[in-house]
Amino acid sequence: DYVRCLSTLAWAYGRLQDFDPGLMKLIASLAIQHLRAFKSFELINLLWGFAKLQLSQPQLFQAAQGHILANAAAFSARCLSMAAWSYATSRGQHGCVRLLKRVAEAFVQNIDITQEKPVSLANLSWALATSCVLPKQDVIRSIGEAALVLIHDFKANELSITLW
């Protein structure tokens, strides 16, 4: 499964904070060509790797944005929060306001509070705040309600990011 390999390579380079520029360029190019073959978590791990490395790949992020917008309802809340983090970390270079609003809406629709971790709420909240994106009031309320349910599971830094 070659797209999983592309995803794993990008994620690993991001995790290591080291990369081969030529290989990352090739990964981005191949990912764009085969975008529809990625499972949601594979695509998000790929984007996370590029964002973590601060590698500007506007064509990749634009192509992925269209895919995420069209399929947000099928993404898990955890994947959606990582997508938001990845776009915000890439400093909004990819016109992500519409994407972040849609991701936030899908997040609150898809969240299974019994399975979710506070880090997902923190990542989403941080991405929205960092990008100065204000979702609909009911979305904000739902994020707050989810945070209240998980309040005892938050680490101090996750809670401060979510409250920010």
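Above this text sits the structure in question.
Parameters and conventions
Residues numbered from 1 in each chain as written. Predicted model: local features only at pLDDT ≥ 70, side-chain atom pairs only at ≥ 80, totals over all residues. Heavy atoms only, no water. Helix = DSSP H or I, 4+ residues; strand = E, 2+ residues; numbered from the N terminus. Salt bridge = Lys/Arg side-chain N within 4 Å of Asp/Glu carboxyl O. Buried < 20%, exposed > 50% of the residue type's maximum accessible area, 1.4 Å probe, protein only.

A.B. asks: What is the right way to look at the environment of Gln 62 in this model?
C.D. replies: Checked against the element boundaries, Gln 62 lands in helix α4 (residues 58-71). Once the C-alpha coordinates of Gln 62 and Phe 75 are considered, the two residues, 13 residues apart in sequence, prove to be 18 Å apart.

A.B. asks: Explain the pattern of salt bridges here, please?
C.D. replies: Pairs can form between side chains of opposite charge once their charged atoms are near each other. Using the criterion set out here, one finds three salt bridges in the structure. For Arg 4, the salt bridge goes to Glu 42, with nearest N and O atoms at 4.0 Å. Taken together, the residues Arg 4 in helix α1 (residues 2-16) and Glu 42 in helix α3 (residues 40-52) connect sequence positions 38 residues apart. Judged by its relative accessible area of 1%, Glu 42 is buried. Residue Lys 136 pairs with Glu 105 through a salt bridge whose shortest N-O separation is 3.6 Å. With Lys 136 in the loop between α7 (118-130) and α8 (137-149) and Glu 105 in helix α6 (residues 97-110), the pair connects residues that are 31 residues apart, well separated along the chain. Judged by its relative accessible area of 52%, Lys 136 falls in the exposed class.

A.B. asks: Is there a simple way to think about unusual backbone geometry in this case?
C.D. replies: Glycine aside, residues mostly have negative phi angles, and peptide bonds mostly take the trans form. Unlike most non-glycine residues, Gln 17 shows phi in positive territory, near 55 degrees. Inspection of the secondary structure puts Gln 17 in the loop between α1 and α2 (21-33). Note on Gln 17: relative accessible area 46%, which makes it partly exposed. One non-glycine residue with positive phi stands out, namely Gln 54, at about 55 degrees. The topology assignment puts Gln 54 in the loop between α3 and α4.

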